[in-house]
Amino acid sequence: MSEIKFIYFEGCPNANKVRDQLNELGLDFEIVEQTCLPKGNKFKSYSSPTVLKGDEVIFGAKANGGGCSLDIPSTTFFRKKLC
């Protein structure tokens, strides 16, 4: 299981952009579909996409019931935080 997790929900227009950035960096990451998370999991109410490294939220935020993340960071941001 990878230390990096990519959490998203189907239909989020920014999910593919962030997934492509992580792939471009050659990172090994686990893809988690948000609606498959168990009831009570705190990340069910986070924005999509959310990127975790271990328990640390690298990108994304609590969004009171979900929603798409705005202002997608650059690949350089992810490189500095995840590599």
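To be clear, the structure that these remarks concern was listed above.
Residues numbered from 1 in each chain as written. Predicted model: local features only at pLDDT ≥ 70, side-chain atom pairs only at ≥ 80, totals over all residues. Heavy atoms only, no water.

Colleague: When you look at the pattern of salt bridges in this model, what are you seeing that I'm missing?
Modeller: Proximity of charged atoms lets side chains of opposite charge pair with each other. Evaluation of the coordinates by the stated rule reveals 1 salt bridge. Note that Glu30 is salt-bridged to Lys5, the shortest N-O span being 3.5 Å. With a gap of 25 residues between them, Glu30 in strand E2 (residues 29–33) and Lys5 in strand E1 (residues 4–8) connect regions that are remote in the sequence. (Salt bridge = Lys/Arg side-chain N within 4 Å of Asp/Glu carboxyl O. Helix = DSSP H or I, 4+ residues; strand = E, 2+ residues; numbered from the N terminus.)

Colleague: For this particular structure, what's the right way to read helix H1 (residues 15–24)?
Modeller: Residues lying three or four places apart along an α-helix face the same way, a consequence of the helix completing one turn every 3.6 residues. Buried within H1 we find Ala15, Val18, Arg19, Gln21 and Leu22. The buried side chains of H1 occupy one side of the element, clustering within an arc of 155 degrees when seen end-on. Once H1 finishes, Gly26 follows within two positions and takes phi at roughly 75 degrees, a positive value. (Buried < 20%, exposed > 50% of the residue type's maximum accessible area, 1.4 Å probe, protein only. Arc of directions from axis to C-beta.)

Colleague: Mind showing me how you'd approach the side chain of Ser48 here?
Modeller: Tracing the backbone shows Ser48 in the loop between E2 and strand E3 (50–53). Exposure remark for Ser48: the relative accessible area of 0% places this residue in the buried category. Ignoring any residue separated from it by four or fewer positions in sequence, one finds Ser48 in contact with Ile7, Tyr8, Phe9, Cys12, Ala15, Gln34, Gly67, Cys68 and Ser69. (Contact = heavy atoms within 4.5 Å.)

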